[in-house]
Amino acid sequence: MGVKLRTQHLWISGDLVAATLGDTPQVYTVYYPQQRALLLAPMDDDIFPTIHKGGLQMLKNRNLEGDRTISLQEIIIENDLDDTDRELVFIHQPGMRMLHITL
C-alpha cells in the first residue's frame with residue numbers, strides 16, 4: 001500500500017484505494033496548509049463536506065492493479081509546495097473511508 005507524488009499527481013495504490021475510497025469515481029479533497037494535510041474522502045460520504053470546505057475531483061484509473069491518481073497542480077501552485085516526485089506519508093484508520101496525506 002502506498003501514496004506518492006508523481007508529476008504533480010497524487011498516485012494511490014490500488015489496494016489502498018479499495019480499502020479507503022472504494023470504487024467511487026470522484027473524491028472530496030481539502031488541503032490545510034498549516035498542517036500540510038491533504039484529506040480525501042469518497043463522494044458518497046455525507047459528513048465530510050459538512051465539516052471540510054473542499055471540492056470534488058476525478059479519480060483517474062492508471063493501471064490494471066487499480067492504482068488511481070488525482071491532479072494536485074492547483075494545490076501545489078497555490079501553496080508553493082515542493083513538487084518533487086516522492087513517497088508520501090499517509091494515515092488511514094481501518095474502517096474509516098478517508099485518507100490523511102502529508103504534503
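Residues numbered from 1 in each chain as written. Predicted model: local features only at pLDDT ≥ 70, side-chain atom pairs only at ≥ 80, totals over all residues. Heavy atoms only, no water.

Peer 1: Please clarify how the overall build of the chain should be interpreted in this entry.
Peer 2: On a plain count of helices and strands, the chain comes out with three helices and 10 strands. What you see in the chain, going N to C, is helices and strands ordered as β-β-α-β-β-α-β-β-β-α-β-β-β. Radius of gyration (C-alpha) of the chain: 13 Å, near the 13 Å computed for a compact globule of 103 residues. Based on the C-alpha atoms only, the size of the chain along its principal axes is roughly 35 × 30 × 20 Å. Here the chain holds 103 residues, and the buried ones make up 40% of them. (Helix = DSSP H or I, 4+ residues; strand = E, 2+ residues; numbered from the N terminus. Rg over C-alpha atoms; globule rule 2.2 N^0.38 Å. Buried < 20%, exposed > 50% of the residue type's maximum accessible area, 1.4 Å probe, protein only.)

Peer 1: Looking at this structure, I do not really get the pairing of strand S10 (residues 99-102). What am I missing?
Peer 2: Walk down a regular strand and you will see the side chains alternate between the two sheet faces. Alternating positions in S10 separate cleanly, Leu99 and Ile101 being buried on one face and His100 and Thr102 remaining unburied on the opposite face. Examined bridge by bridge, strand S4 (residues 37-42) and S10 share four bridges and lie antiparallel to one another. Bridge assignment links leucine 39 to a residue of S10, and that residue is histidine 100. Relative to S10, strand S9 (residues 89-91) is paired through three bridges, and the arrangement is antiparallel. (Pairing = 2+ DSSP bridges.)

Peer 1: I tried to follow the environment of isoleucine 101 on my own but got confused; where do I start?
Peer 2: By the secondary structure assignment, isoleucine 101 is in strand S10. Isoleucine 101 sits 45 residues away from leucine 56 along the chain, and the two C-alpha atoms are 17 Å apart. Residues within four places of isoleucine 101 in sequence aside, it is in contact with Val3, Leu10, Arg36, Ala37, Leu38, Leu40, Leu88, Val89 and Phe90. (Contact = heavy atoms within 4.5 Å.)

Peer 1: Sorry if this is basic, but what is going on with the pattern of salt bridges here?
Peer 2: Any two side chains of opposite charge can pair, so long as their charged atoms come close to each other. Applying the stated criterion to the full structure yields two salt bridges. Among the salt bridges present, the one from aspartate 44 reaches arginine 97, with a minimum N-O distance of 3.2 Å. One end of the pair, aspartate 44, is in the loop between S4 and helix H2 (48-51); the other, arginine 97, is in the loop between S9 and S10, and 53 residues separate them in sequence. Since its relative accessible area comes to 47%, aspartate 44 is described here as partly exposed. On the basis of relative accessible area, arginine 97 is assigned to the partly exposed category, the value being 37%. Among the salt bridges present, the one from arginine 86 reaches aspartate 82, with a minimum N-O distance of 3.7 Å. (Salt bridge = Lys/Arg side-chain N within 4 Å of Asp/Glu carboxyl O.)

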